[in-house]
Amino acid sequence: MKAKTFEPKKTKRYSMPTKAYFGRNSLQLLGNIIVEKSIHSALLVCGEHFKKSDDYRQVISNLKETPIDVYNEKIKRSDFSTINRIVTYCRKYRYEAIIAIGGGSVLDTAKCAAILTTHKGLIEEYLVSKSKKITAKGLLYIAIPTTAGTGTEVTPWATVWGDNKRKYSLYSKGFMFPAIAIVDSHLTDSLNQKDTATSGMDALCQAIEAYWNKHHNRQSDIYALEAISVIRTNLENAVRNPTKKIRDRMAWGSFMQGLAFSNTQTTICHAVSYPLTARWGVTHGQATSVTLPSFMRGIIPALPKNRQKHLLSALNAHTPALGANVVEQLMIRIGLKIKLSALGITKENINVIIEDSFYTNRVNNIPLQYDKQRLKRFLVAIY
Ligand SMILES: [Fe+2]
């Protein structure tokens, strides 16, 4: 098999310390990578969907000569108790590495476990009381996504859901980028329509948020525009009529947006999405994209003219309003909701959404200023 290798990259403004392998069947490289990295003991953490696949059996068979244990417990969410349990396990058995194969929750759980194993204490102490800080490297972490959407295989943070219906982000630019990412589109072949749609829209949303982000740079722009164009042209087919080629393109688009927003973070669409997920259980990609077309109508005109032009070209639209319509129509065609009211949210819930949205700093990453009153007017208008 052929995999494209992406070596770590560092320029004055852009940093990507993760070494990435991209290509259909690139998972087969895992055995070689373990040998190359001289890993003597590792924990393999997998999502439930992957554990039921032939690929899982293949991985276990291929790795039987390597010093790897399989973590058997289910990982439902990247939350405090799940992370603390794996950290306890890793500290006890003194693993050198964690290999994670799964969706965003599995990858984020493992990413937190990899960093905390080499530190002391519980995840809550880093996120809630903030009495502890990330100060050193974690275990060597290999991230292998099974969806085309999260991008977490190349980002220096992990989403963690608190017991208090709050979303936290464990973040360390210096220490939390995965050492290695393997992006194998074959692993996305068995994704169902809903997961393909929601993870794909999350990827498109993150690409657009990377582009209009205050922290953008030349390199992140190149990745973001590529991702927007590729996902826009392939997501509907990936949902309704997937072929290997389409899955390959979506994996590429998702990988590109990961490379883009790894250096910018997300923005207001994600800020508003967290309470929708934490309080009302809305799937992440649906929650992030439900406000996206409406935010596009306001935020794209606030970009400098030449930046608007590049973004609209990637969206294949002539005006910001038409660009927003492109995304809105795509969402409708792949079965996603475009109104908060269609997600079981009531008008009375909007105040809670606003309070929780401002809990993160993501609101401020855009070229427009949103205070609580302005966000309220916005959400009521699009409700
Ligand atoms: Fe996201």
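Residues numbered from 1 in each chain as written. Predicted model: local features only at pLDDT ≥ 70, side-chain atom pairs only at ≥ 80, totals over all residues. Heavy atoms only, no water.

Protein-derived ligands of the iron ion are Asp202 (OD), Asp202 (OD), Gln206 (OE1), His270 (NE2) and His284 (NE2), with the metal-ligand distances lying across 2.0 to 2.7 Å. For the iron ion, the donor residues sit on a single chain with the sequence spacing D-x3-Q-x63-H-x13-H. With a gap of four residues between them, Asp202 and Gln206 both fall in helix H7 (residues 193-211), about one helical turn apart. Asp202 gets classed as buried once you look at its relative accessible area, which sits at 6%. (Donors = N, O, S within 2.8 Å, 3.2 Å for Na, K, Ca; no water. Helix = DSSP H or I, 4+ residues; strand = E, 2+ residues; numbered from the N terminus. Buried < 20%, exposed > 50% of the residue type's maximum accessible area, 1.4 Å probe, protein only.)

The next thing to look at is the packing of aromatic side chains. A full pass over the atoms with the stated rule returns 18 aromatic pairs. Ring centres 5.9 Å apart and planes at 85° place the aromatic pair Phe50 and Tyr56 in the edge-to-face group. The class of Phe50 is buried, set by a relative accessible area of 5%. Between Tyr370 and Phe378, the ring centres sit 6.0 Å apart and the planes meet at 85°, which makes this aromatic pair edge-to-face. For the pair formed by Tyr370 and Phe378, the shared burial category is buried. In textbook terms, an aromatic cluster arises when at least three aromatic residues are bridged by ring pairs, as seen for Phe6, Phe22, Trp252 and Phe255. Above the plane of the ring of Tyr211 lies Arg307, whose end atom (NZ or CZ) is 4.1 Å from the centre. (Phe/Tyr/Trp six-rings, centres within 6.5 Å; stacked < 30°, edge-to-face > 60°. Lys NZ or Arg CZ within 6 Å of the ring centre and 35° of its normal.)

Further remarks concern the side chain of Glu209. Mapped onto the elements of the fold, Glu209 is located in helix H7. In contact with Glu209, not counting residues within four places along its chain, are Gln265, Thr266, Thr267, Ile268, Cys269 and His270. (Contact = heavy atoms within 4.5 Å.)

The subject of this paragraph is helix H13 (residues 305-315). Every buried residue of H13 is listed here: Arg307, Gln308, Leu311, Leu312, Ala314 and Leu315. Along H13, the residues classed as buried sweep out an arc of 155° about the axis, all on the same side. Exposed residues pointing more than 90 degrees away from the buried face of H13 are listed as Lys305, Lys309 and Ser313. Those residues of H13 that are buried lie in contact with H7, helix H8 (218-240), helix H12 (292-299) and helix H14 (320-333). Backbone geometry just after H13 places Asn316 at a positive phi near 55°. (Arc of directions from axis to C-beta.)

Our focus in this paragraph is the UniProt feature "domain: Alcohol dehydrogenase iron-type/glycerol dehydrogenase GldA" (unreviewed entry) in the protein chain. Taking the UniProt record as the reference, the feature "domain: Alcohol dehydrogenase iron-type/glycerol dehydrogenase GldA" (unreviewed entry) is found at residues 17-184. Secondary structure within residues 17-184 divides into 32% helix and 23% strand; the distance between the first and last C-alpha atoms comes to 19 Å. (UniProt positions renumbered as here; feature names shortened; annotations may be inferred.)

Moving on, we come to the domain arrangement of the protein chain. Taken domain by domain, the protein chain holds domain 1 (4-188) and domain 2 (193-382). Computed from C-alpha coordinates alone, the two centres of domain 1 and domain 2 are separated by 25 Å. Contacts between the two partners involve 31 residues from domain 1 and, on the opposite side, 32 residues from domain 2. Interface of domain 1 and domain 2: buried area, both sides summed, is about 2900 Å²; carbon and sulfur atoms make up 61% of it. The interface formed by domain 1 and domain 2 includes two salt bridges. Measuring nitrogen to oxygen at the nearest pair gives 2.8 Å for the salt bridge that ties Asp248 to Arg24. There are 13 residue pairs in polar contact (both at pLDDT 80 or more) connecting domain 1 and domain 2. Broken down by secondary-structure element, the contributors of at least two residues to the side of domain 1 that touches domain 2 are strand S1 (4-6), strand S3 (15-16), strand S4 (19-22), strand S9 (157-161) and strand S10 (167-171). Split into classes, the residues belonging to the side of domain 1 that touches domain 2 amount to 14 nonpolar, nine polar and eight charged. (Domains from an automatic or database assignment. Buried area = accessible area lost by both parts, 1.4 Å probe. Salt bridge = Lys/Arg side-chain N within 4 Å of Asp/Glu carboxyl O. Polar contact = N/O pair within 3.5 Å; in protein donor to acceptor, adjacent residues only side chain to side chain. Nonpolar A, V, L, I, M, F, W, Y, C, P; charged D, E, K, R; others polar.)

So, on to helix H15 (residues 350-357). All of the buried residues along H15 are Ile350, Ile353, Ile354, Asp356 and Ser357. Buried residues along H15 sit against helix H10 (268-280) and helix H16 (372-382).

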